[in-house]
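Listed below are the residues making up each chain.
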Amino acid sequence: MFDLLRDTIELDEATANALFDDYAEAIAAAEAKEEIDGVIDLSSICSGTLRLHEGDLSLDALHLTAESPSLFVEGNVQIRGLLQQDFRAGFLVVFGDLEAGDIATTAQIFVTGNLTVRGTLYGNCTNYMTSVLGHTRAKVLVSAKEHYFCLYGGRTIERIVDVYGDTPNLDDRTDGEEALVGGIDDGFDEGLVADRLRRGEPIVT
């Protein structure tokens, strides 16, 4: 089982910033896209307590708990089940591709490569965002509390649920809160949402 402290090394802010040097042009090109409302704030991403995993990471599940350090991965990340970030969890930064069965985030995710979610990509935090420089694929995307999805490399998503109905970058939404199953507080209870996804149960009807 992956242990965030045991299986990583400490990362200082200067070294964390240097990891983005090879992606400077891609980041500049992403920020120049006027059709995407969002900011890539490296000073915020590289602040706080940081841990680094060198190389690819393959796990059955990953749960970043509240007050955990941010996790930087120099390599591809494959999560066979659920990737869960609790409220006030550290950020997840992937220098490569990220693949997961489902994602339930209330924090920040940054991916330099492609993001592939076989099931549901769910975000529930106004202050942070999910940013992807490569292409994003998912069966269902759900934005609660106007969680920003800055998918700079384009996206292939079958169904987009915007609970509030006016979240930036989701003008082509297919559904609102009426599409969500009952018992998850209109999608705002991220714990119940994560529990359903972990059990393989959908959060949309």
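This report concerns the structure included in the present document. Values in this document were obtained by computation on a predicted structure and should not be read as measured data.

Definitions and cut-offs
- Residues numbered from 1 in each chain as written.
- Predicted model: local features only at pLDDT ≥ 70, side-chain atom pairs only at ≥ 80, totals over all residues.
- Heavy atoms only, no water.
- Salt bridge = Lys/Arg side-chain N within 4 Å of Asp/Glu carboxyl O.
- Helix = DSSP H or I, 4+ residues; strand = E, 2+ residues; numbered from the N terminus.
- Buried < 20%, exposed > 50% of the residue type's maximum accessible area, 1.4 Å probe, protein only.
- Arc of directions from axis to C-beta.
- Contact = heavy atoms within 4.5 Å.
- Polar contact = N/O pair within 3.5 Å; in protein donor to acceptor, adjacent residues only side chain to side chain.
- Patch = residues over 30% accessible without salt bridge, like charges linked within 9 Å, V, L, I, M, F, W, Y side chains within 5 Å.
- Areas by Shrake-Rupley, 256 points an atom, 1.4 Å probe, with all protein chains shown as cover.
- Lys, Arg positive; Asp, Glu negative; His and termini not counted.
- Charge placed at Lys NZ, Arg CZ, Asp CG, Glu CD.

## Some details on the pattern of salt bridges
Right, on to step 1. Under the defined criterion, the tally for this structure stands at eight salt bridges.
Right, on to step 2. Arg 118 is the partner of Glu 99 in a salt bridge, and the nearest nitrogen-oxygen pair spans 2.9 Å. Residue Glu 99 is found in strand S8 (residues 98-105), and its partner Arg 118 is found in strand S10 (residues 115-123); the two are separated by 19 residues along the sequence.
Right, on to step 3. Residue Arg 118 is classed as partly exposed on the basis of its relative accessible area of 38%.
Right, on to step 4. For Asp 175, the salt bridge identified is with Arg 159, shortest N-O distance 2.8 Å. In this pair, Asp 175 is assigned in the loop between strand S14 (155-162) and helix H4 (190-198) and Arg 159 in strand S14, connecting sequence segments 16 residues apart.
Right, on to step 5. For Arg 159, a relative accessible area of 23% gives the class partly exposed.
Right, on to step 6. Bridged by salt links that share partners, the residues Arg 196, Arg 199 and Glu 201 form one connected network.

## Some thoughts on H4
Right, on to step 1. Taken together, the buried positions of H4 are Val 193, Ala 194, Arg 196 and Leu 197. Down the axis, H4 shows its buried residues gathered within 160 degrees of arc, on one side only.
Right, on to step 2. Buried residues along H4 sit against strand S6 (77-85), S8 and S10.
Right, on to step 3. Where H4 terminates, the next one or two residues include Gly 200, which has phi positive at roughly 80 degrees.

## Side note on the side chain of Ser 70
Right, on to step 1. Following the sequence through the fold, Ser 70 ends up in strand S5 (residues 70-74).
Right, on to step 2. The exposure class of Ser 70 is buried, given its relative accessible area of 6%.
Right, on to step 3. Of the polar contacts made by the side chain of Ser 70, one reaches the backbone nitrogen of Phe 91; its length is 2.9 Å.
Right, on to step 4. Sequence-distant contacts of Ser 70, that is, excluding residues within four places in its chain, are made with Thr 49, Leu 50, Arg 51, Gly 90 and Phe 91.

## Section: the side chain of His 147
Right, on to step 1. By secondary structure assignment, the location of His 147 is in the loop between strand S12 (136-143) and strand S13 (148-151).
Right, on to step 2. A relative accessible area of 0% means that His 147 is categorised as buried.
Right, on to step 3. Once residues lying within four places of it in the same chain are set aside, the contact partners of His 147 are Thr 105, Ala 107, Gly 123, Asn 124, Cys 125, Tyr 128, Met 129, Thr 130 and Thr 167.

## Some words on a negative patch on the surface
Right, on to step 1. Together, Glu 177, Glu 178, Asp 185 and Asp 186 line one region of the surface with negative charge.
Right, on to step 2. Looking at where Asp 185 falls in the secondary structure, it is placed in the loop between S14 and H4.

Purely spatial values, then, with no claim about function.
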